[in-house]
Every structure is written in C-alpha cells, then in structure tokens.
Amino acid sequence: MSFRNCIINAEAEGTITPEQAREARDLFDDLEEQYQGQMNRGAASSKAARDAFDALEREVFERKRRKLLQIQNWKEIKVNLDQYRNIRGEVDFGRAAEALFDNDGLARYSSVVQREAAVERAATRKLYNVLATFRRNLVGETRNKAQLKDMVREIFEPGSTGSASAREMAQAWSEVEDYLRLRFNAAGGRIVKRKDWGLPQIHETLAVRKATAREWIDFITNELDITKMIDERTGLPFSPERLELALRDVYETIRTDGMNKLIPGAVGQGKSVANRRLDHRFLVFKDADAWMRYQEKFGNANPFDTMFGHIKAMSRDIALMEILGPNPRATVNYLKQTIQKEAGLKADEAAENAARRSAARLDNLYLAVTGANNAPIDSKFGNTFAGLRQVLQSAQLGAAAISGITDVNFQRMARGFIGLPQVNTINQYLKLLSPLGAEEKGKLAIRLGLIAEGWSSLASGQMRYVGDISGPEITRRVADFVMRASLLSPMTQAGRWAFGMEFLGTLADNVGKRFDELDPRLRKTMERYNIGADRWDVMRSSPLYEHEGASFLRAEDIEARTDIAPGLARDLATRLMEMVETETNFAVPSSSLRGRIALTGETRPGTISGELTRSFAMYKNFGITLVNTHLMRGMTQPGAKNKGRYFADLIISTTLMGALAMQLKEMSKGRDPRPMTDNAFWLAAFLQGGGLGIYGDFMFSDVNRFDRGLAETVAGPVVGFADDLRKLTIGNIVQAAQGDDTNAAREMINFAARYTPGSSLWYSRLALERLVIDQLQLMADPKARSNMQRLETRYRNQFGQRYWWKPGEMGPSRSPNLGNIMEQRP
C-alpha cells in the first residue's frame, strides 16, 4: 500500500485529523520531489515515505507529551484554585486565577511574574564575568566593545581569537543557553541542541519593513551556512524550495510583528509558546562576522543586548509554560470558563458580573505578561510618544533620588516583617554604592542570583516611577543617563542587592536550626512560599557559598545537587529565588504587573487612547506598587490588632520619611524648609511617602511644583508639555496678531529650562537656575526682576518660606534656616 493511501485510510478511520493528513501529504510530496533528483522514482518514494513517517511520529509524540503536560498543569491549577482564600477567608476563583500571573500575598503557589524573575536570575548568575566586563557605563554604552566582538567570535568559532577570557565568557554563554533550552523543553518545548547555533537573532521590524521580501531573503541567504541548517519539521536538511518558503515565512512574521500568525478569536498572538521558538532557530550563520553583518543591517548590532534580550524572552516563555502549561492561551480560556462556571452555579447576578470582570482582567494580565499589549498599533506614533515621555522623564525626574531615601524605611519594614537583621541597613547601602570594589561586589551579587538591572539594561531606574522603558534607543539612553547621574539607579540597585544578600546570608546563618527553631517571622515567610520543615531540611543540608568570611545559601548550589531528585532540586532553588525576589519588591518597591494593568488596562501604544492613558500613568506607578505590596500585606494580616499594628507602622514611618524628602527637596531649590506645624504639611508628607508627592503640592496651593493645575497633573506630563508648546507657538502667534505682549523670550527660556534633559538633577539644578536661567531671564525680560520678587512673596505668604539663595542672585545670601521647621525666623 502506498504512503498516500495509508494517509487516506488513517484519516477515514479517525486516527489522524484532516489537518494532520494534509500536513502528512504535503511533507511526503516535498520530500519525494527533493529525493527524485538524487535517486530513481521508486527509491525516492520509499525514502520520502520513511522520512515523512519518522517526522510525523516525532510530531505525534510531541503532541502527546504536550497534551499530558497541559492536563497535569490544569490539575495542579485546579488544586491551587480550590485551596486559595481571599482576605475574607472565602473561596475566590477569580482572585486565585489572577494570582497565577502576579502573586497577591495570599497564594502559596508560584506566579508567572515570580517564575520569570527566578529563571532569569538562574541564567544570569552564570554570566557574572560577562556582566562585569561589558556592563553599561554612565551614558548607557556597553564597555569593552572590542573584547565583546572577540567573545562573539569565540561563541561561533571556539579558539579562533586566542583570548582566554573571551573563550571563558563564550563557554559561560553556551552553558546559559543550554540551561534555558533544556528548561524550555522540560516545560513542553522542543528545541534541538545545535553546537553550531551561536547566538540568537534580533530582528528589527522597522528595518526589515524597509526591504522587500526578495531583498531580505537574498541578503540573509548570503550570510547563512545552508549546509548546516535543519528543517525542524523533518529533522533533515532543507531543500531549496522549503528553505525559500521558510525564509519568506520568517520575513512575514518579522514584517507584520507576528500578526501573520494571529489566530482570530484567540487571546494573544501566534502559536503556542511550546512551538514559538522553532521558527527562527533554524537560521545558522556562516560565522561571527556574518551574524554581526546581519545584526547591523536588520537587527541590534550590540551582542550584549542580544544575549540578555534572549535570556529575558526565554525566561518569560519558560515561566508561562511552567505555570500555565505548554499552551498558556488554552489555560487562560480554561481559567475563564472555570470562573464563569462557578459563578453560574451560584445563580447570582453579582457573582456573574464579578466573574466577567475577572475574565477581562485575566485577558489583560496575559497580554501584559506576553508583552502583546505593549506592542504599538502604529509604530511611528507609538515610538514618538514613548520617546517624548522619556525626554520628559529625563527633564523632570532628576530629583527622584531624594524621594528614593524612603527606601530605607521600606527596607526596614520588609526586613523586620520576615525576621532579618536591620541594624546594618544604611551601612550596607553605602558599601554597595561606593565605587571602590564595585565590580567585585556586583559579581558577588550576581553569583548569588541577584540580577544587576543597571548593568544589563537601559533606563531600568525609571521603571520605579514610570513602568515603561520602551521607545527609541536615543531617548532611552538620555533617560538612563539622568537616572544614573541622579543616583536613583545606583541607589535602587544597592538597595535590592543589600536586601538580597542579607536574606541569603541570614538563611545561611540558620542552617543549623530545625524549622521549628527558626525565628517565627522567618518561618512564616518560608511557609508563604510553600517551604515547610521537610523542604527546609533539604535546603539547609546544601553546601554554603563562602565569600570573604561571609556565608550565603545559594539557589545555584541547591539546584546543582545530585543526591536528590533533579525536579526537587530545581523546584527548591526556584522557590528560594522567588521568595527573595518577591520580598525584595517590598524592600525596594519598583513596578508591578498589577500596577501597570491598573493604570493602562487593555490600551495599546500607538493609539490616541493608549498614549493618553500612558501620559496619565506617568509618575503614578510607584504609588500603585505600594498598594499592591505593603497595603495588600497589611490587609492580609490576621486579626484587627495585627492589621492595625502594620498600618500604624506603615503610615507613621512613610509620613516621617516623606517629610524628610520634602524638606530636602525644598532646600535643594534654594528655599528654607517648610514649617511643619499644620495639618496640610503632614498630609502632603503622607502623600510624598506613598509616592504621590506631586499631589501633596495641592495641600498648599492650587498649582503643583510645575505650575500645573490639578486637572493637568492628573492628565499627565505629556498633556502639560502639549499645553506649554501650544502657548509657546500658537498662543504667541494669536497674542501678536491681537497686538498683545507675547512674552515670547521669557516663555522660551522657561520652556527650555523645564524640558531640557538633566535640568532637574538635584545637585546641579539650583546653580543652573540661578547662574544661567535667571540671568537669561533678567537679560531678556524687563519684568523678570518683579516676577522673581512676586515668586518670593508667594512662597513667603503661602508656605511660610524664604529663599536662602534668592532668584536672580549670583550667590546664596546665607545657609538654609532649619529653624523654619518650627517657624523660627533667623
């Protein structure tokens, strides 16, 4: 019987689906045509049948394996949903399902966000030398670019450069890439090991769109080693025809940003995560130079960015599959159906409405995790506004580091809550901020699994206040420079490292204790991450990592153990890093998935609604993150007494730290500190401590620190910028046409001062204003002196403050009057 007849019979009997039958016929026809040029017709048909059968058998096996993993995953999720209890102690499938994406402190199971961070750190810790060697400098550029190229050559051609360090780092990359590949496959993926693979490709959509399909295919074909390329579908070399089809499909995927694989009616884009990485993996470049030539023309010419972008993308996909199964979209639908079914059984309209809201939030959470809702509808429109937001951040967040001193308090609370020592917090901050030995301290942190965002990514510091680092590279570099120069990024990194090191060090100090002998706070913390007595006994028997007399319990050493089951070793290591990472977000509040969803919802960049929403969201991310961390933690404390104790500590301490930040900001602007004798000041301090300091301005005035009204402040900085630009251009034209005084020179100088990147740096802003901006105003505007005097009068009458360095003066007249805090005049 011919192979074609076998396919027909199998389809008729229902053994295979019509789609599988079509795939089998197409594959057999392709192979038969390919082999007929190499052998006679009979032999070609026979070989094509064998190879097609083998390929289909492998595909059937993979489908069965993924289906079993998906079923197993759903069973585990159902158990988690049943065991979850909300703040009121009630079964709540909606909240339980949302906790699969971003843990809410009540769930004892892992979330996608936690797992992604843990996997990324597990991979990155192996690259501590790579990060230390090529970490970004102050202006965001990768260091040692020549050595970076040597490493790329060693990755493609081991031993080709003669550089021992390049060869060592290339080997580390190979180990990382293989670790991610194996973990991806274990979760349901299928990536074949290829020793000649080298590095992933970053395809820049806009660059590819500028070329026709023919131009792109011809260019990349000249750079590929076609003899080494394997068709993942068949496990055999490509025929010229199939290679052409495959490359054309890749081109369309890049050009359309994946929309060519969109399944109508499905949540998200493209194929299942398990199959996602088969499309581009078959590309094998001739050598390192060929790979770099392609990246320069159609991708990212910086190999450092490519490597860590690959780690981040793989970590996300691994997390999605480990938590939601090989086909996360199917799991999202399963969760929505489960929630709606349970609500329907109650026959209650309120429950049904809540179920629909939960289903909508699940869609938004999934789109946010995958990044689909951050892909711009109109790339040019979206990139323009993303770039504008970054320029505004670079001009307006130069003093955010002063607000960052509140981290010391959050660090204190987080350490006290889980039973860590608090006495050396500030000392640890200062040590990690010191440039002396910075590289070695960074290496230690990374080897412990504490990732260095400031070393590996652009504009990471602004995530705390903005939650968005997309946009053109030039504006990301500008924003990143200001975050580094203002010390916000170094302070954030130092705080996260200090907390993580203390946590792992404290665990090491306690390995001699049984679980019931641990500090009750530490024990409860571990229980929240599903680490009980039996798991602690395994973890504490792992070897400790020693460094300059200090001991640490590392996830890497737990995962490397061979005396326990590999699955248990990995699970314990993963849970340890999830615990450290999640608790670190309480010590140094950054951004959160729930916070981004709360602010931007389902809107997409590149649309009017999406860009207006992102303008509204600017500088509100930190406050929303506090709601999802400390406020939620307070709400989950058992009993009214414990809730009251936690909230009293939170409110009092954040208000005091907010007051300190406010006064430091005032003095950095040349003014005496504000009197602290009225309720309005303390309400503003409370808002400042909670990350909403700009709204505290309205406790004193009808405008904020940028001379904006409440409506403009709520709408966001982009709206304010547009209004200023309108006044500077159209407004002045209208005034001139009506014969009014335009004040164009004064407005131009103010506009430049307000929107010049770096102009708000806390340590240089005052000198820039007095010695440059004010002097320009005095030269260009006859009314400048009287305007400055009115400003002094306003602050004296409304806020009870005087200037220690008056506007328009070339130098300060005195030092700040600290006695003004209690309204004591000099």
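For clarity, every value in this text was computed on a predicted model and none was experimentally measured. (Residues numbered from 1 in each chain as written. Predicted model: local features only at pLDDT ≥ 70, side-chain atom pairs only at ≥ 80, totals over all residues. Heavy atoms only, no water.)

When the pLDDT values of the chain are averaged, the result is 85; 91% of them are 70 or greater. With pLDDT under 50 throughout, residues 264–270 is counted as low confidence; its partners more than four residues away or in other chains account for 20 contacts. Long-range and interchain partners of residues 694–704, a stretch whose pLDDT sits below 50, account for 40 contacts in this model, where long-range means more than four residues apart. (pLDDT = per-residue confidence, 0-100. Contact = heavy atoms within 4.5 Å.)

Here we take up helix α32 (residues 639–668). Residues lying three or four places apart along an α-helix face the same way, a consequence of the helix completing one turn every 3.6 residues. Taking 1.5 Å per residue as the helical rise, α32 with its 30 residues ought to reach 44 Å, and the 43 Å between its terminal C-alpha atoms agrees with that figure. Backbone geometry just downstream of α32 places G670 in the positive-phi region, at approximately 90 degrees. (Helix = DSSP H or I, 4+ residues; strand = E, 2+ residues; numbered from the N terminus. Expected span 1.5 Å × (residues − 1).)

Despite not being glycine, N530 shows a phi value in the positive range, around 60 degrees. By the element assignment, N530 lies in the loop between α25 (520–528) and α26 (533–540). Despite not being glycine, Y619 has its phi angle at roughly 70 degrees, a positive value. When you line up the elements, Y619 lands in the loop between α30 (608–617) and α31 (621–635).

Next up on the list: empty space enclosed by the protein. All chains considered together, the criterion is met by three cavities of 30 Å³ or more. The volume enclosed by the second largest cavity comes to roughly 90 Å³. Along the walls of the second largest cavity sit R121, G449, L450, I451, E453, Q493, R496, W497, M577, V580, E581 and T584, which together make up its complete lining. Sorting the residues of the lining of the second largest cavity by element identifies α24 (488–509) and α28 (566–587) as the ones contributing at least two each. Considering every element that reaches the lining of the second largest cavity, the biggest residue donor is α28, with four residues. Of the residues assigned to the lining of the second largest cavity, the class counts are five nonpolar, three polar and four charged. (1 Å grid on protein atoms, 1.4 Å probe; cavity = no way out; pocket = protein on both sides within 12 Å on 5 of 7 lines; lining within 4 Å. Points joined across faces, edges and corners; volume = space filled by probe spheres on them. Nonpolar A, V, L, I, M, F, W, Y, C, P; charged D, E, K, R; others polar.)

Our next topic: the side chain of T253. Checked against the element boundaries, T253 lands in helix α11 (residues 240–255). Given a relative accessible area of 13%, T253 falls into the buried group. (Buried < 20%, exposed > 50% of the residue type's maximum accessible area, 1.4 Å probe, protein only.)

Per the stated rule, a full pass over the model turns up 22 aromatic pairs. Between W216 and Y251 the ring centres are 5.9 Å apart and the planes differ by 45 degrees, which places this aromatic pair in the tilted class. One end of the pair, W216, is in helix α10 (residues 213–223); the other, Y251, is in helix α11, with 35 residues separating them in the sequence. Measuring from ring centre to ring centre gives 5.0 Å for F721 and Y755, while their planes differ by 90 degrees; the resulting arrangement is edge-to-face. (Phe/Tyr/Trp six-rings, centres within 6.5 Å; stacked < 30°, edge-to-face > 60°.)

For the pair helix α5 (residues 112–124) and α28, the least separation of the axes is 9 Å and the interaxial angle reads 110 degrees. Classed by the angle they form, the pair α5 and α28 counts as roughly perpendicular. Residues Q114, R115, A117, A118 and R121 of α5 form the contact with α28, whose participating residues are T574, M577, E578, E581 and T582. Residue composition of the contact of α5 with α28, grouped by class: three nonpolar, three polar and four charged. (Axes fitted to C-alpha atoms, helices over the stretch in contact; angles between N-to-C directions. Parallel < 35°, antiparallel > 145°, perpendicular 65-115°, else oblique.)

Turning our attention to the nonpolar core. By size, the foremost hydrophobic cluster in this structure holds 113 residues, and its most contacted members are W216 and L507. Contacts of W216, omitting those with residues within four sequence positions, involve V208, A211, L247, V250, Y251, I254, Y294 and F298. In terms of nonpolar packing, the next biggest core, distinct from the first, is built from 30 residues, A99, V112, V332 and Y366 among them. (Core = buried A, V, L, I, M, F, W, Y, C linked by side-chain atoms within 4.5 Å.)

What follows is about the packing of α5 against helix α8 (residues 164–186). Following both chains from N to C, one finds α5 and α8 inclined at 145 degrees, their axes separated by 9 Å at the closest point. Facing α5, whose interface residues are R115, V119, A122 and A123, α8 presents V176, Y179, L180 and R183. Partitioned by chemical class, the residues of the contact of α5 with α8 number six nonpolar, no polar and two charged.

Moving on, we come to the side chain of T613. Of note, T613 is situated in helix α30. Excluding residues within four positions of it along the chain, T613 makes contact with L599, T600 and T603.

So, about α28. With 22 residues, α28 extends 32 Å from end C-alpha to end C-alpha; this agrees with the ideal 32 Å at 1.5 Å per step. Across the 22 residues that make up α28, a large majority, 16, are buried.

Right, let's get into the environment of S358. When you line up the elements, S358 lands in helix α16 (residues 349–370). Sequence separation between S358 and E98 is 260 residues; the distance between their C-alpha atoms is 7.7 Å. Not counting the four nearest positions on each side in its chain, S358 is found in contact with G94, E98 and I339.

The next thing to look at is the pattern of salt bridges. Overall, the coordinates contain 54 salt bridges when judged by the stated rule. The salt bridge involving D218 is made with R214; its shortest N-O contact spans 3.1 Å. Remark: R214 and D218 occur in helix α10; sequence separation between them is four residues, near one turn of the helix. Residue R214 is classed as partly exposed on the basis of its relative accessible area of 37%. In this structure, E502 and R415 form a salt bridge, with 3.9 Å as the shortest nitrogen-oxygen distance. Note that E502 is positioned in helix α24 and R415 in helix α19 (residues 407–418), a separation of 87 residues in sequence. (Salt bridge = Lys/Arg side-chain N within 4 Å of Asp/Glu carboxyl O.)

So, on to a nonpolar patch on the surface. There is a patch of nonpolar side chains on the surface, built from L768, L771, V772, L776, M779 and M810 and spanning about 540 Å² of accessible area. The residue M810 is located in the segment after α39 (784–799) in this model. Overall, M810 belongs to the exposed group, its relative accessible area being 53%. (Patch = residues over 30% accessible without salt bridge, like charges linked within 9 Å, V, L, I, M, F, W, Y side chains within 5 Å. Areas by Shrake-Rupley, 256 points an atom, 1.4 Å probe, with all protein chains shown as cover.)

This part is about the environment of D724. Of note, D724 is situated in helix α36 (residues 717–737). The class for D724 is buried, based on a relative accessible area of 10%. C-alpha separation for the pair D724 and T15, spaced 709 residues apart in sequence, amounts to 69 Å.

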